[in-house]
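# Descriptive structure summary
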Amino acid sequence: MYLRTGGTLHRTDDSTVRNELTRSQFLLYLYKELADYESIQKPENLHKLSSIAASQAGEELRYTDISDRIRADRRTVASYLKALNDGIAVSESHDYSLRRYRRTRLYLRNPRHVVLLPQRREHDGFEEYDHQNVLNHEFEHKLTRTVAFDHAKRLAFTTGAYGVEYCKTDSGLVDYVLHREGTVLPFVLSYHPLHRRCRTSCRRVRPQRGSAYETGQRGVA
């Protein structure tokens, strides 16, 4: 239920109305409140970036490709992403092993927006709020990645971690890495497709950036 509603409650049971209210509320926030507060001259680009985060949730994106898609330079894109992050609308995740970033992963902070903002209909069966026997593993994975990232951000804030990053190892991708003063807590999302080596991937993350190891750090799946 949380995946489908994003924690939003409405007084009407009409899914079409509820979806439109949620979508309109988010767009009003982007175009008016957030854009005005951050002095954004082209708030439509905040909308475009949010749509990219919805359609490519958790996928690694190059900043140059993002710039080309919204027709803005890298510095302007950075200012947009900072505004979205400060407004808790869209947040970034970077490669844990790097200090200079050329790529990013974008996550919406409300999973319902993942359903409402993609430009193509890839989420059949999720428009309704009621549970349906519709299997769409690819889209379910996007929703789950989004929710897990949001929870990881909350955990990072609570524990004073520096942020939520990701890490590529020889065994596979570690989706979420929290670290603070040499202590590392890695998470692998084993959902779909089945990640058979998730614990091995976690064990290969070490406090020093850009390196991996076999033992000594307990993995969390």
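Quick note: structure is the one above.
This text gives an overview of the structure that appears in the document. Please read all numbers here as calculations on a predicted model, not as lab measurements. (Residues numbered from 1 in each chain as written. Predicted model: local features only at pLDDT ≥ 70, side-chain atom pairs only at ≥ 80, totals over all residues. Heavy atoms only, no water.)

### Describing the side chain of Asp 95
Formally: Strands here are runs of E lasting at least two residues and helices are runs of H or I lasting at least four, both read from the DSSP assignment and numbered beginning at the N terminus. Exposure is judged per residue with a 1.4 Å probe applied to protein chains only, and the accessible area is read against the type maximum: over 50% gives exposed, under 20% gives buried, and values in between give partly exposed. In summary, the charge assignment counts Lys and Arg as positive and Asp and Glu as negative, without counting His or the chain termini. By salt bridge we mean one thing: a side-chain nitrogen of Lys or Arg within 4 Å of a carboxyl oxygen of Asp or Glu. We define a polar contact as two N or O atoms separated by no more than 3.5 Å, with the added condition that, inside protein, one atom must be a possible hydrogen donor and the other a possible acceptor, whereas residues neighbouring each other in sequence contribute only through side-chain atom pairs.
Looking at the secondary structure, you find Asp 95 in the loop between β2 (90-93) and β3 (103-108). There is no salt bridge for the buried Asp 95, and the closest opposite charge comes from Lys 168, which lies 5.5 Å off by N-O distance. Side chain to side chain, Asp 95 and Ser 97 meet in a polar contact 2.8 Å long.

### Quick look at the packing of aromatic side chains
The criterion, for reference: Aromatic rings from Phe, Tyr and Trp, with only the six-membered ring used for Trp, were paired whenever their centres fell within 6.5 Å, and each pair was classed as stacked if the ring planes differed by under 30 degrees, edge-to-face if by over 60, and tilted otherwise.
According to the stated counting rule, one finds 2 aromatic pairs in the structure shown. Pairing Tyr 107 with Phe 149 gives two aromatic rings, centres 4.1 Å apart and planes at 10°, and the pair type is stacked. Remark: Phe 149 occurs in helix α7 (residues 137-159) and Tyr 107 occurs in strand β3; sequence separation between them is 42 residues. Here Tyr 107 and Phe 149 have matching classes, each one buried. Relative to Tyr 176, the ring of Tyr 107 lies with its centre 6.4 Å away and its plane at 50°, an arrangement referred to as tilted. On the criterion of sequence distance, the pair formed by Tyr 107 in strand β3 and Tyr 176 in strand β5 (residues 172-180) is long-range, its members being 69 residues apart. Both residues of the pair, Tyr 107 and Tyr 176, belong to the buried class.

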